[in-house]
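Architecture at a glance
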Amino acid sequence: MAFVSSGYNPDKPMEDRITDIGNHYYGDFLPPVIKNNFGKWLWHEILEPGVLMHKAESGDEVYTIRCGTPRLASVEYVREICDIADKHCDGYVRWTTRNNVEFMVDSKDKVEPLKKDIESRKYDDGGSYKFPIGGTGAGLTNIIHTQGWIHCHTPATDASGPVKVVLDELFEEFQNMRLPAQLRISLACCLNMCGAVHCSDIAILGYHRKPPMIDDAWLDNLCEIPLAVAACPTAAIKPKKKEIISERTGEKIEVKSVEINEPRCMFCGNCYTMCASLPLADAEGDGIVLMAGGKVSNRITPPEFSKVVVAFIPNETPRWPTLAKTIRQIVEAYSKNAKKYERLGDWATRIGWEKFFEVCDLEFSHHLIDDFRDPAYYTWRQTTNFKFTKNTPTEYSAMKVE
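Notes on the structure in this doc start here. (Residues numbered from 1 in each chain as written. Predicted model: local features only at pLDDT ≥ 70, side-chain atom pairs only at ≥ 80, totals over all residues. Heavy atoms only, no water.)

For the rest of this paragraph, the subject is the packing of aromatic side chains. What the rule picks out here adds up to 11 aromatic pairs. Between Tyr207 and Phe267 the ring centres are 6.1 Å apart and the planes differ by 80°, which places this aromatic pair in the edge-to-face class. Separated by 60 residues along the polypeptide, Tyr207 in strand E7 (residues 202-207) and Phe267 in the loop between strand E9 (252-260) and helix H9 (270-274) bring together distant segments of the chain. Looking at Tyr207, the relative accessible area reads 25%, which means it is partly exposed. Residue Phe267 is classed as buried on the basis of its relative accessible area of 15%. An angle of 55° between the planes, with centres 6.0 Å apart, marks the rings of Tyr334 and Trp347 as tilted. Of this pair, Tyr334 sits in helix H10 (residues 321-337) while Trp347 sits in helix H11 (residues 344-351), and the two are 13 residues apart along the sequence. A residue is classified by how much of its surface remains accessible, and Tyr334, at 0% relative accessible area, is buried. Among the residues examined, Trp347 registers a relative accessible area of 0% and is labelled buried. (Phe/Tyr/Trp six-rings, centres within 6.5 Å; stacked < 30°, edge-to-face > 60°. Helix = DSSP H or I, 4+ residues; strand = E, 2+ residues; numbered from the N terminus. Buried < 20%, exposed > 50% of the residue type's maximum accessible area, 1.4 Å probe, protein only.)

A sheet is described by the order of its strands in space; here four strands give the open sequence E6-E7-E10-E11, paired in mixed fashion. The open sheet has two edge strands, strand E6 (185-188) and strand E11 (307-314), and neither has a second partner. Geometrically, the sheet is characterised by an average inter-axis angle of 20° between neighbouring strands, direction not taken into account. Pairing geometry for strand E10 (residues 287-292) and E11, over five bridges, is antiparallel. Across the sheet, the residue bridging to Met291 is Val308, located in E11. (Pairing = 2+ DSSP bridges. Axes fitted to C-alpha atoms, helices over the stretch in contact; angles between N-to-C directions.)

Okay, the sheet that holds strand E1 (residues 41-48) next. Taken in spatial order, the five strands of this open sheet run E1-E2-E3-E5-E4, and their pairing is antiparallel. On the outer flanks of this sheet lie E1 and strand E4 (94-95), each paired with one strand and no other. Taken together, the six bridges between strand E3 (residues 61-68) and strand E5 (residues 100-105) define a ladder with antiparallel strand orientation. In the sheet register, Thr64 faces E5, and the bridge partner there is Met104. Set on the sheet, helix H3 (residues 75-88) makes contact with E3, E4 and E5; between it and E5 the angle comes to about 15°. (Contact = heavy atoms within 4.5 Å.)

Purely geometric numbers; function is a separate question.
Shown next as structure tokens:
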């Protein structure tokens, strides 16, 4: 009855409803020209890198300027985006799933003033663009990434740092459309992969190479051992009582702790999520794995998972030179040798992955063979064909079949 007395009508539960639970209805934020033509678009074209035009059945047109932005943005940066939207776009603006910001206008006459305003906004220190225009068509899209060292507790590498380095290295590909097809690069700073790198043309993956360290003295005080055991996806952790020397009294005491079966550990860090006494970060063991050849698109060929092509690159802060150099090698080889409309994985499959390693000047090793228990059955090449190339280490080339 309290609901009825406050004006709630059970026969019309949505009448006059006001709530701050959940997102507002997205339709409330659509520009009028998009709302009026919703679901009635005929076609679109890319007028130039970063500038798109959509045509509606009614004859209306929407012009979009796409700009790359950092995933982690300051309040001042967002306010500047809002200022641009208020000045040119009647206050409307949208973000894409790859951290681009898009400014939309309903007339071609408004495009050039908007573009000039965006290009005039630069940082004072180095003159770099605050809102670089691009990321469309057969070029490099903005790099999506995870939290990295700035926020996450399980990263094996940073996120914003390597992304900044790679985009600096390939910035001209973001501003142009001269590649065979679109190139999507993603980064996840650990195997938990909230950055969705499993289906990217080039994937940068942070990787731990050492199992968690066990702080026996504090583990039972800080953690619930059953939760830490249950968190392990490979059942590599089990409870164990241990004798240690007390830091306070210097006497030998028995404590409740855990034991890690290192061969079973996959270095995911789930245990550290549940227990702060199982830290995983290690300067020597942590680094980057490069994967390539994945895609979500169903065009020409089905979606593909990325494959490991570089087993390990150390964290060379602050500019990750080896990472930048290696990705540049792959992109240049792809740009020179792939056919038009061919994604990176399609090109590698057509020429053969052995040839891919040779053309990209990457070393092949046994670390790159997929041997995980179940998926390996489906991903192994199940024939005797193997083309030895100059990038195959000599120990493999020297093998003799008895």
